[in-house]
Amino acid sequence: MSAVPEHLHYTSEHEWVAIDGDVATIGITQYAADALGDVVFVALPNVGDALAHGSIVGEVESTKSVGEIFAPVAGEVLEANAGVVDAPDTVNSDPYGAGWLMKVRFSETPDFLDAAAYRALIGV
Amino acid sequence: MNTQTPLYAVHERAGASFTDFAGYDMPLRYSSDLAEHHAVRERAGMFDLSHMAEIAITGPEAAAFLDFALSNRLSALSVGQAKYSLLLSDQGGVLDDLIVYRLEDSDFLVVANAANRHVAFEALVKRSAGFAVEVADTSDEWALIAVQGPKARAIVDASGTLCESPLDELGYYRIAVGTFHSETLYIARTGYTGEDGYELFVPQALAPALWDDLEAAGAEHGMVLCGLACRDTLRLEAGMPLYGHELDRDHTPAQAGLGRVVDSSKEDFVGKDAGAHPEEGVPVLVGLQAEGKRAPRAGYAVVTPEGEHIGTVTSGALSPTLGYPIAMAYVDPAHAAPGTEIAVDVRGSLLRVTVSALPFYSRKKVTP
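As the structure is a computational prediction, the values presented were derived from the model and not from experiment.

(A) Spatial organisation of the overall build of chain A. When helices and strands are counted, chain A shows four helices and nine strands. Its helices and strands in sequence order give chain A the pattern β-β-β-α-β-β-β-β-β-α-α-β-α, from N to C terminus. In summary, chain A has a C-alpha radius of gyration of 13 Å against a globular reference of 14 Å for 124 residues, a match within 12%. In terms of principal-axis extent, the alpha carbons of chain A reach across some 35 × 30 × 20 Å. Put simply, chain A has 124 residues, and 45% of those count as buried. When contacts within chain A are restricted to residue pairs at least 6 apart in sequence, those whose partners lie at least 24 apart make up 63%.

(B) Region of interest: the overall build of chain B. The helix and strand inventory of chain B stands at seven helices and 21 strands. In summary, chain B has a C-alpha radius of gyration of 20 Å against a globular reference of 21 Å for 368 residues, a match within 12%. The burial tally for chain B puts 50% of its 368 residues in the buried class. Within chain B, contacts between residues at least 6 apart in sequence are counted, and of these 67% link residues at least 24 apart.

(C) Representation of the domain arrangement of chain B in the model. You can read the domains of chain B as domain 1 (3-49 + 141-237), domain 2 (53-137) and domain 3 (280-356). Centre-to-centre, using C-alpha coordinates, domain 2 of chain B lies 34 Å away from domain 3 of chain B.

(D) Spotlight on the interface of chain B and chain A. With 13 residues of chain B at the contact, the number on the chain A side is eight residues. Only helix H2 (33-42), helix H7 (228-237) and strand S18 (309-318) of chain B provide two or more residues apiece to the side of chain B that touches chain A. Its residues assigned to classes, the side of chain B that touches chain A comprises six nonpolar, two polar and five charged.

(E) Molecular detail of the sheet that holds strand S19 (residues 325-331) of chain B. All names here are of chain B. Read once around its circumference, the closed barrel built from six strands follows the order S16-S19-S18-S17-S20-S21, with strand pairing classed as antiparallel. Each strand of the sheet is rotated relative to its neighbour by a mean of 45 degrees, with strand direction disregarded. Where strand S20 (residues 341-346) lies against strand S21 (residues 349-356), six bridges are found, and the strand directions are antiparallel. Opposite Glu-341, over in S21, you have Thr-354 as the bridge partner.

(F) Expanded view of the packing of H2 of chain B against H7 of chain B. Residue and element names in this part refer to chain B. One way to put it is that H2 packs onto H7 with a least axis distance of 8 Å and a crossing angle of 55 degrees. For the element pair H2 / H7, the angle class is oblique. At the point where H2 passes H7, the crossing takes the right-handed sense. Of H7, the residues touching H2 (which contributes Asp-33, Glu-36, His-37 and Val-40) are Ala-229, Cys-230, Thr-233 and Leu-234. For the contact of H2 with H7, the per-class residue count stands at four nonpolar, two polar and two charged.

(G) Highlighting the environment of Leu-351 of chain B. Residue and element names in this part refer to chain B. Structurally, Leu-351 is set in strand S21. A count of 22 C-beta atoms within 10 Å places Leu-351 in the buried class. In the structure, Leu-351 is positioned 47 residues away from Thr-304 in sequence and 11 Å away in space, judged by C-alpha atoms. Leaving out residues up to four positions away in the same chain, Leu-351 has contacts with Ala-290, Arg-294, Pro-296, Ala-343, Val-344 and Val-346.

(H) Looking closely at the pairing of strand S12 (residues 175-180) of chain B. Residue and element names in this part refer to chain B. Alignment of strand S11 (residues 162-163) against S12, held across two bridges, turns out to be antiparallel. Opposite Leu-162, over in S12, you have Thr-179 as the bridge partner. Where S12 lies against strand S13 (residues 183-188), six bridges are found, and the strand directions are antiparallel. From the neighbouring strand, Gly-178 faces S13, where its bridge partner is Leu-185. Joining the antiparallel neighbours S12 and S13 is a turn of two residues, in which His-181 adopts a positive phi near 50 degrees.

(I) The nonpolar core, seen in detail. Leu-66, Val-100, Ile-145, Val-147, Ile-187 and Val-202 of chain B are the most contacted members of the largest nonpolar core, which totals 144 residues. In this structure, Ile-145 of chain B is in contact with Met-46, Asp-48, Leu-49, Leu-200, Val-202, Ala-207, Leu-210, Trp-211 and Leu-214 of chain B, ignoring residues within four places of it in sequence.

(J) A look at the sheet that holds S13 of chain B. Residue and element names in this part refer to chain B. Taken in spatial order, the seven strands make up an open sheet running S11-S12-S13-S14-S10-S4-S15, and their pairing is mixed. Among the strands making up the open sheet, the edge pair consists of S11 and strand S15 (224-225). Pairing between S13 and strand S14 (residues 197-203): three bridges, direction antiparallel. Bridging from a neighbouring strand, Tyr-186 pairs with Phe-201 of S14. Sheet contacts for helix H6 (residues 207-219): strand S4 (45-48), strand S10 (142-148), S12 and S14; angle to S10, the most-contacted strand, approximately 10 degrees.

(K) How the structure looks around the pairing of strand S5 (residues 53-58) of chain B. All names here are of chain B. Direction of pairing for S5 relative to strand S8 (residues 107-112): antiparallel, over a ladder of six bridges. The partner of Ile-55 across the bridge, within S8, is Val-110. The pairing of S5 with strand S9 (residues 134-137) spans four bridges and is classified as antiparallel. In the strand pairing of S9, Ala-56 is matched with Ala-136.

(L) Structural context of H7 of chain B. Residues and elements named next belong to chain B. Counting buried positions over the 10 residues of H7 gives nine, a clear majority of the element. Within the sequence span of H7, burial applies to Leu-228, Ala-229, Cys-230, Arg-231, Asp-232, Thr-233, Leu-234, Leu-236 and Glu-237. Elements that come into contact with the buried residues of H7 comprise strand S2 (17-21), strand S3 (24-29), H2, S4, S18 and S19. Count one or two residues on from H7 and you reach Gly-239, which has phi positive near 70 degrees.

(M) Expanded view of the environment of Glu-134 of chain B. Residue and element names in this part refer to chain B. Secondary-structure assignment places Glu-134 in strand S9. Judged by C-beta crowding, with 12 C-beta atoms within 10 Å, Glu-134 ranks as exposed. Between the C-alpha atom of Glu-134 and that of Lys-151, which follows or precedes it by 17 residues, the distance is 38 Å.

(N) View of the environment of Ser-32 of chain B. All names here are of chain B. Among the secondary structure elements, Ser-32 is positioned in the loop between S3 and H2. Ser-32 gets classed as partly exposed once you count the C-beta atoms within 10 Å, which come to 19. Put simply, Ser-32 and Cys-230 are 198 residues apart on the chain and 8.8 Å apart in space, counted from C-alpha to C-alpha.

The rules behind the values
Residues numbered from 1 in each chain as written. Chains lettered and ligands numbered in written order. Predicted model: local features only at pLDDT ≥ 70, side-chain atom pairs only at ≥ 80, totals over all residues. Helix = DSSP H or I, 4+ residues; strand = E, 2+ residues; numbered from the N terminus. Rg over C-alpha atoms; globule rule 2.2 N^0.38 Å. Buried ≥ 20, exposed ≤ 12 C-beta atoms within 10 Å, placed from the backbone. Contact = placed C-beta atoms within 7 Å. Domains from an automatic or database assignment. Nonpolar A, V, L, I, M, F, W, Y, C, P; charged D, E, K, R; others polar. Pairing = 2+ DSSP bridges. Axes fitted to C-alpha atoms, helices over the stretch in contact; angles between N-to-C directions. Parallel < 35°, antiparallel > 145°, perpendicular 65-115°, else oblique. Left-handed = near helix turned anticlockwise from the far one by under 90°. Core = buried A, V, L, I, M, F, W, Y, C linked by C-beta atoms within 7 Å.

Shown next, in the form of structure tokens:
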């Protein structure tokens, strides 16, 4: 059973977004991590990169397949999580915590899915 | 609606994630692909392979028929012996790759890929014209359970199966008759993981009981349940081709490095015209290895360091055992020598790769 924490925002690309002021913390959902299998490689953008909403900004690769990370907001990368680059399996073991991917400063946010809508999307 | 194997409910209870494979709902993984992969290399893993197709060939001319219908000389098998074989098209392309077991003088079991069940069966029936043989698709009678890994023998030995001969006398690529719950089963020392291990053909109704029995016997040896995800990385490390990736109708055995599986000294067989050596200039299958963690994947372009297109990746993954990316690919023979430095276009960036001999991984010793 995939956890879908109530307090987060979601995208149809199976990413989660936590909003704190004008900073978005971004990761992939447990559903996405489970579907990928063991994550063995994570590629993230550089600090300072300007992201266009919806553009491919990184990759999460498992033994089995590759998942692309789409920027869920437009903005500037403030931080990329070096912890998941060093230990990619953190994305599987703690997708909503230590497995976060990046923090982005944004000027506006698109419409996100709430937890209920995301649960409906993945059928749980 | 997909087909379910007789073990579907058992897998569901064990918490498997399922995937569609050749129209079957098959376990993709139970826990972690990597944990399952390592368990097979270090201890043991158990797989449900009941989607595989079984075709029974019986009759006085069974051996002669198989010599004509398949690529190598199956009449040379002694009773109880197994051989890897190919079903070729008239043009010499590969319709399926198979394991053939000789159960009796005039009784063979052919195991085909699930996706090719009907292609293989129909081709064999067609080719049987004029031979005193019966070709029967017995896939719906058998379940197939594989126990693979260095602890496999101890586990099968401790299960409730009884083999006609002591298991430690069953050589590699041999099959023996056994019994389980008073019914006949076959125990074969074959597999698709690069490890020692066994494949057990059991009547479908007894499959859940055998699975439970083996699982109990495997507990003290650290055996884990394994899905198709790790089966794929295991066979890739072992350099074994997967039909639909390394093998298809458009490539000859010689291109796939399987010339040894074609016995051109046979007088007549389907696909003989293809020959044992690749034609001049056609792509050949090679191994590739790289540094880092990014893996070439099936379908990615193989290029020269200057970016000239020279081939296509057929399978690839970050090798769980070796820790670096490995792949197989069809490439221009001018770039196929081991040690050649080429590259793969990994989603827009060039990954430097080195042509490498297959297999990538060999177990340390084959116990007799």
